[in-house]
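What the coordinates show
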Amino acid sequence: MATAIGKTIETPAKIRQVIFASAGGTVIEWYDFYIFGSLATIIGPVFFPSDNPTASLLATLATFGAGFAARPFGALFFGWLGDLVGRKYAFLITLSLMGACTFLIGLLPSHAQIGILAPIILVLLRLVQGLALGGEYGGAAIYVAEHVPDNRRGYYTSFIQTTATLGLFVSLLVILVTRLSMGEEAFRAWGWRIPFILSIILLALSLYIRLRLKESPLFSSLKDAGKTSKNPLRDAFASGANWRVILTVLFGAGAGQAVVWYTGQFYVLSWLQTAAGLTLVQATQVVAIALAFGTPFFIVFGALSDRIGRKPIMMAGNLIAAILFIPIFQIMKNAAGPTQEVTNAAGKVVKVATDPNLFVIGVCAFVLVLFVTMVYGPIAAFLVESFPAKIRYSSVSLPYHIANGYFGGFLPLIATAVVASTGNIYAGLYFPIAVALLTFVVGSLLLRESKDVSIHEEVHS
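Starting afresh in each chain, residues are numbered from 1 along the sequence in its written order. Only residues with pLDDT of at least 70 are given local features in this predicted model, and only at 80 or more are side-chain atom pairs given and counted; all residues enter the totals for whole chains, interfaces and linings. Hydrogens and water molecules were not included; the side-chain quantities draw on all heavy atoms of the structure.

Now for the overall build of the protein chain. Numbering of helices and strands runs from the N terminus, with a helix taken as a DSSP run of H or I at least four residues long and a strand as a DSSP run of E at least two residues long. Along the protein chain, the regular secondary structure elements total 21 helices and four strands. Here the radius of gyration uses the C-alpha set of atoms, whereas the globule reference equals 2.2 Å times the residue count to the power 0.38. Its C-alpha atoms give the protein chain a radius of gyration of 22 Å, near enough to 23 Å, the size a compact globule of 461 residues would have. To sort residues, take the accessible area from a 1.4 Å probe on protein chains only and compare it with the maximum for the residue type: under 20% means buried, over 50% means exposed, and anything in between is partly exposed. Residues classed as buried in the protein chain amount to 58% of the 461 residues present. Any two residues whose heavy atoms approach within 4.5 Å are treated as being in contact. A separation threshold of at least 6 residues defines the contact pool for the protein chain, and within that pool the share at least 24 residues apart is 84%.

Here you go:
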């Protein structure tokens, strides 16, 4: 370790170890959480059988959203635990809960086997996953931020920002390999369970790595100095001043980030299948390749935010996304070309694109991912810098998970329902556009630039 200006800074080798352990576990949690959404069109008939494919899909997306609805409650509980006991212990528990639930979903009997119990148990497992994820992200981002120098916080925490996209990418890759290794009929019947069951191996590896970590040095210093909070929830949420910061962060950064993220990396996946007529394999390939090429830009924008600030990059991402969402989706629809009705392996009549231009669609998907990297790359550092150390875990987690749990998590359900009710395949984009514009206005007017905040001086002063 090196000491500078009265504060302890970890060596580069130690920082790399911290990032690897924190990011590795967070990737696994996102993988676990997003397998469900990635397979929504397959899982729907298994647990929510219906003669109406749209109704079945909506029921599945609602179950997907239930996990997001639970995230703020998980943020409160694990935020309290992280500020009271320590960052490390909180995200060890969240990782264990998430992995166990994912494994159990892979073993859960279908509606045909146990009736109404199947969807009930599925919803309960998704709720527990949501609680776990509510505590994971904040813990990992804070743990990394409290190990690194103030002037490189955007760069180092941006590695945590890649984990959500990498988790989705890994889930898509495992799904794609599994699907291509067997016929469509076998995949729909039982093969979809394999990505869920495999997560138990990833869980074991990640737990082994994380168990070797020590507590954050900044939190340890805080504890040694007797400056930790005795009641983090009271200290975080009984203060009107802190509530003003929480609400400003929620509407001036978090909400827009959430809808841009879920439009560009998740809604597009189901939209390409339902509105553009791409097959599961085609849509998965396109989005997975876009994610692979786009992921490094989280680090690019995270590092750039150390130089020019968090606020201008995040606000630009929200505004550009709001302006270009509809044109980009129109280009993808035109590139997909005409569709024809066919009967799939499940016996349902669906519209399939006859000769889609996957290159053009892929470029559009990549541009959508770039918008995501702009709003998401700098936000971890910004969140950490917005709240004092003794209530940081509790305060960071709540606005982030309200934004991503409600504005983002329910976006696929809201957008799909709007399209179904209006018949306009672009109408689902009105919701993310409106929220992104709201965040641009609120953030531009009320958000303070935070890149020069020293979280180490706060503890050692």
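Having seen the structure, we can now continue with the description.
The subject of this paragraph is the side chain of N318. If you trace the backbone, N318 turns up in helix α15 (residues 310-336). When its relative accessible area of 1% is taken as the criterion, N318 is described as buried. Of note is the side chain of N318, whose polar atom sits 2.9 Å from the backbone oxygen of M314. Apart from residues no more than four positions distant in its own chain, N318 is found in contact with G256, Q257, V260, V375, A436, T439 and F440. In protein, a polar contact requires one atom able to donate a hydrogen and another able to accept it; more generally it is a pair of N or O atoms within 3.5 Å, and residues adjacent in sequence count only if both atoms are side-chain atoms.

Take the packing of aromatic side chains next. Two measures describe an aromatic ring pair: the distance that separates the ring centres and the angle between the ring planes. Pairs were defined over the aromatic rings of Phe, Tyr and Trp, the Trp ring being its six-membered one, requiring ring centres within 6.5 Å. Orientation was assigned from the angle between planes: stacked under 30 degrees, edge-to-face over 60, tilted for the rest. The full count for this structure, using the stated rule, is 18 aromatic pairs. Note on F297 and F366: the rings are 6.1 Å apart at their centroids and 70° apart in plane angle, and the pair reads as edge-to-face. In this pair, F297 is assigned in helix α14 (residues 296-308) and F366 in helix α16 (residues 358-376), connecting sequence segments 69 residues apart. Three or more aromatic residues joined by ring pairs make a cluster, and in this case those are W261, Y262, F298, Y376 and Y400.

This part takes up the nonpolar core. In this description, a nonpolar core means a group of buried Ala, Val, Leu, Ile, Met, Phe, Trp, Tyr and Cys residues linked to one another through side-chain atoms lying within 4.5 Å. Counting residues in hydrophobic clusters, the biggest one holds 103 residues, and the most contacted among them are L272, M332 and Y376. With 16 residues, helix α12 (residues 240-274) is the largest single contributor of residues to this core. Non-local contacts of L272, meaning those with residues more than four positions away in its chain, are made with G277, L278, A283, V286, V287, M332 and I361. Membership of the second largest hydrophobic core comes to 22 residues, among which are Y31, V46, F48 and L125.

Our next topic: the pattern of salt bridges. Charged atoms that come close allow side chains of opposite charge to pair. Throughout this description, the term salt bridge denotes a Lys or Arg side-chain nitrogen within 4 Å of a carboxyl oxygen of Asp or Glu. Applying the stated rule across the entire model yields eight salt bridges. A salt bridge links E146 to R392; the shortest N-O distance between them is 3.0 Å. Of this pair, E146 sits in the loop between α6 (117-145) and α7 (153-180) while R392 sits in helix α18 (residues 392-408), placing them 246 residues apart in sequence. Residue E146 is classed as buried on the basis of its relative accessible area, which comes to 0%. A relative accessible area of 0% places R392 in the buried class. Here D452 ties to K451 by a salt bridge, and the two come within 3.2 Å at their closest N and O atoms. Residue classification places D452 among the exposed residues on the basis of a relative accessible area of 66%. One salt-bridge network, in which partners are shared between bridges, spans D150, R153, D306, R310 and E385.

Mapped onto the secondary structure, R448 falls in the loop between α20 (430-446) and α21 (455-460). Along the chain, R448 and A236 lie 212 residues apart, while their C-alpha atoms are 19 Å from each other. A polar atom in the side chain of R448 sits 3.4 Å from the backbone oxygen of E385.

Like charges are joined within 9 Å and nonpolar side chains (Val, Leu, Ile, Met, Phe, Trp, Tyr) within 5 Å, but only among residues with over 30% relative accessible area and no salt bridge; these make up the patches. What sets the accessible areas is the Shrake-Rupley method with a 1.4 Å probe; for residues, cover comes only from the shown protein chains. Judged by side-chain polarity, I114, I116, L117, I120, I121, L124 and L127 come together as a nonpolar surface patch covering roughly 580 Å² of accessible area. Residue contributions to the nonpolar patch peak at five residues, all from α6. Mapped onto the fold, I116 is located in the loop between α5 (111-114) and α6. For I116, a relative accessible area of 57% gives the class exposed.

Before going further, it helps to examine the environment of F431. For F431, the position within the fold is in helix α20. With a relative accessible area of 24%, F431 lands in the partly exposed category. Sequence separation between F431 and L269 is 162 residues; the distance between their C-alpha atoms is 17 Å. Ignoring any residue separated from it by four or fewer positions in sequence, one finds F431 in contact with V259, F407, L411 and I414.

Here we come to the packing of α7 against α12. Here the axes come from fitting lines to C-alpha atoms, over the contacting stretch only for helices, and the angles between their N-to-C directions go from 0 to 180 degrees. Where α7 meets α12, the closest approach of the two axes is 12 Å, and the angle between their N-to-C directions is 10°. Between α7 and α12, the angle is such that the two are roughly parallel. In this structure, α7 contributes A164, T165, L168 and L172 to the contact, and α12 contributes W261, Q265, F266 and L269. Any angle between 65 and 115 degrees counts as roughly perpendicular, while under 35 counts as roughly parallel, over 145 as roughly antiparallel, and the rest as oblique.

Another point: helix α10 (residues 217-224). Regarding α10, the residues found buried are P217, L218, F219 and L222. Downstream of α10 by a residue or two, G226 has a phi angle that is positive, lying close to 70°.

This part takes up the packing of helix α13 (residues 280-294) against α16. The contact between α13 and α16 brings their axes to 8 Å, and the two run at 45°. Here α13 is positioned oblique relative to α16, judged by the angle of their axes. Note on packing geometry: the crossing formed by α13 with α16 is right-handed. Of α16, the residues touching α13 (which contributes Q282, V286, A290, L291, F293 and G294) are L358, I361, G362, A365, F366, V369 and T373. Here is the rule for handedness: rotate from the far helix to the near one, and if that takes an anticlockwise turn smaller than a right angle the crossing is left-handed, while a clockwise turn gives right-handed.

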